[in-house]
Amino acid sequence: MKMIDNKMINSISLKELQEKYPFIINYFSDNKLNIEGFENRTFKEYLDHFSEEDIEEWAIDTEKLMEGLLEYIEQMIEFLGIKEEKAVESLTILAGKDKSGCKERFEEITINKGDIISIVGPTGSGKSRLLADIEWAAQNDTPTGRIILINNEIPDKKWRFSSNNRLVAQLSQNMNFVMDLTVNEFLELHAKSRMVENEEEVIKNIIEAANNLAGEKFKLDTPITSLSGGQSRALMIADTAILSSSPIVLIDEIENAGIDRKKALNLLVSSDKIVLMATHDPILALMGNKRIVIKNGGINKVIETNMEEKKILLELEKMDKTIQGMRNSLRNGEELNMNIFK
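Residues numbered from 1 in each chain as written. Predicted model: local features only at pLDDT ≥ 70, side-chain atom pairs only at ≥ 80, totals over all residues. Heavy atoms only, no water.

(A) Broad picture of the overall build of the chain. Across its full length, the chain holds 14 helices and 9 strands. With 342 residues in all, the chain has 46% of them scored as buried. Summed over its atoms, the accessible surface of the chain is roughly 19,300 Å², and 50% of this surface lies on carbon and sulfur atoms. (Helix = DSSP H or I, 4+ residues; strand = E, 2+ residues; numbered from the N terminus. Buried < 20%, exposed > 50% of the residue type's maximum accessible area, 1.4 Å probe, protein only. Areas by Shrake-Rupley, 256 points an atom, 1.4 Å probe, with all protein chains shown as cover.)

In structure tokens form, the structure reads like this:
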């Protein structure tokens, strides 16, 4: 099976392609392909810019050039011994021990891309410790002795010890901005660091998604230091879902963040990410495919959300909608009456 294909080549710009495979400049040179001015286009878009006259005059075979580039990259990868990064398809937790030193009451838990897993337990039981073990891909070197596998393998050390942890994005309850930037400037910086091609469109999508989550809308020219807790959380969730390349998202208690929790989770899952969230909120807990129950620092049990619980979730969501409606009415200076329950 090939490590690269047309789909991959045509999903990134020539600039990104050169950064990933610097040696391809030789392929362009050997084939007399001048890509100057097309760095932000894909290779296919570059080939498509040739007119029929160009193709005929210079005997250009675009299909052969595409196949040739793929073959050239494959050969160079093999020659240089480059190890291609695999997409994260699954995360596995292998049992460690609880605070008393007793083995956790499970053998292993595998979580697949697109899954939502809730983590429940009393305050101080060890929910945040489990998130920390996952964030740093523990290898029997934390107080719990757990081992974390990615795609059923021990993860690369660069994921564990790099200051830029590309494996995990974490969203915590307390999130404050200190930079003197507008929302637009903040998103521009992140977009540029990711070298996205359609920067304006991506920023527009993020602000729209964030306002869809937040109780109070905000604009691109809003200073990020003036955002409320709910607005900050909404912005970071939208940014993580749309712009972040981290395949695993860890959420530590967002129930009081002033955002639409269901929409937030749906947005993250639609991005094919693995989502784990520590929570005390029954709505969030039941939104998960499974919930991990923590007691005395260890995983006590793993429960699959059953059909009856899903029916309970629907009723809880109706109640939550009513409460949200009352909250908005109070914010707007309105008086409440019993009709709100009808």
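(B) The nonpolar core, seen in detail. Val-183, Phe-218, Leu-235, Ile-251 and Leu-265 are the most contacted members of the largest nonpolar core, which has 40 residues in total. Counting residues per element, the ones that place at least two in this core are α9 (183-193), α10 (199-213), α11 (229-242), β6 (248-252), α12 (261-270), β7 (274-278), α13 (282-287) and α14 (307-331). Counting residues per element, this core draws most heavily on α10, at 7 residues. (Core = buried A, V, L, I, M, F, W, Y, C linked by side-chain atoms within 4.5 Å.)

(C) View of the sheet that holds strand β4 (residues 147-150). Strand order in the open sheet formed by 3 strands is β2-β1-β4, and the pairing between neighbours is antiparallel. Unpaired on one side and paired on the other, β2 (108-112) and β4 mark the two borders of the sheet. Across this sheet, the average inter-strand angle for adjacent strands is 15°, counted without regard to direction. Note that strand β1 (residues 90-94) and β4 share 4 bridges and pair antiparallel. (Pairing = 2+ DSSP bridges. Axes fitted to C-alpha atoms, helices over the stretch in contact; angles between N-to-C directions.)

(D) Structural view of the side chain of Thr-279. Among the structural elements, Thr-279 can be located in the loop between β7 and α13. In this structure the side chain of Thr-279 is engaged in a polar contact, spanning 2.9 Å, whose partner is the backbone nitrogen of Asp-281. (Polar contact = N/O pair within 3.5 Å; in protein donor to acceptor, adjacent residues only side chain to side chain.)

(E) Expanded view of the packing of α10 against α12. Between α10 and α12, the least distance of the axes is 8 Å, while the angle of their chain directions is 145°. The residues of α12 that touch α10, namely those facing Ala-209, Asn-212 and Leu-213, are Lys-263, Ala-264 and Leu-267. Of the residues belonging to the contact of α10 with α12, the class tally is 4 nonpolar, 1 polar and 1 charged. (Contact = heavy atoms within 4.5 Å. Nonpolar A, V, L, I, M, F, W, Y, C, P; charged D, E, K, R; others polar.)

(F) Just the pattern of salt bridges, in detail. Considering all chains together, one arrives at 8 salt bridges under this definition. Measuring nitrogen to oxygen at the nearest pair gives 3.4 Å for the salt bridge that ties Lys-113 to Glu-89. In this pair, Lys-113 sits in the loop between β2 and β3 (116-120) while Glu-89 sits in the loop between α6 (62-80) and β1, placing the two residues 24 residues apart along the sequence. Among the ionic pairs, Arg-146 bridges to Glu-104, the shortest N-O distance being 2.7 Å. In this pair, Arg-146 sits in the loop between α7 (127-135) and β4 while Glu-104 sits in the loop between β1 and β2, placing the two residues 42 residues apart along the sequence. Among the ionic contacts, a cluster of salt bridges with common partners joins Glu-104, Arg-129, Asp-133 and Arg-146. (Salt bridge = Lys/Arg side-chain N within 4 Å of Asp/Glu carboxyl O.)

(G) Layout of the packing of aromatic side chains. Tallying each qualifying case throughout the model produces 9 aromatic pairs. Ring geometry for Phe-28 against Phe-43: centres 5.8 Å apart, planes inclined by 35°, an arrangement best described as tilted. Placement of the pair is Phe-28 in helix α3 (residues 24-30) and Phe-43 in helix α4 (residues 43-48), with a sequence separation of 15 residues. Residue class for Phe-28 comes out buried when judged on its relative accessible area of 1%. (Phe/Tyr/Trp six-rings, centres within 6.5 Å; stacked < 30°, edge-to-face > 60°.)

(H) Summary view of the environment of Leu-213. Turning to its location among the elements, Leu-213 is positioned in helix α10. A C-alpha to C-alpha distance of 9.0 Å links Leu-213 and Arg-233, two positions 20 residues apart in sequence.

(I) Seen up close, the pairing of β6. Of all the 5 residues making up β6, 5 are buried; the element is thus mostly covered by neighbouring parts of the structure. Residues Ile-248, Leu-250 and Asp-252 of β6 are buried on one face, and the alternating residues Val-249 and Ile-251, pointing to the opposite face, are buried as well. In this sheet, β6 lies alongside strand β5 (residues 168-172) in parallel orientation, the contact comprising 5 bridges. By the bridge assignment, Leu-171 is partnered in β6 with Ile-251. Sheet analysis places β6 next to β7, joined by 5 bridges and oriented parallel. Looking at the pairing, Asp-252 lines up with Ala-278 of β7.

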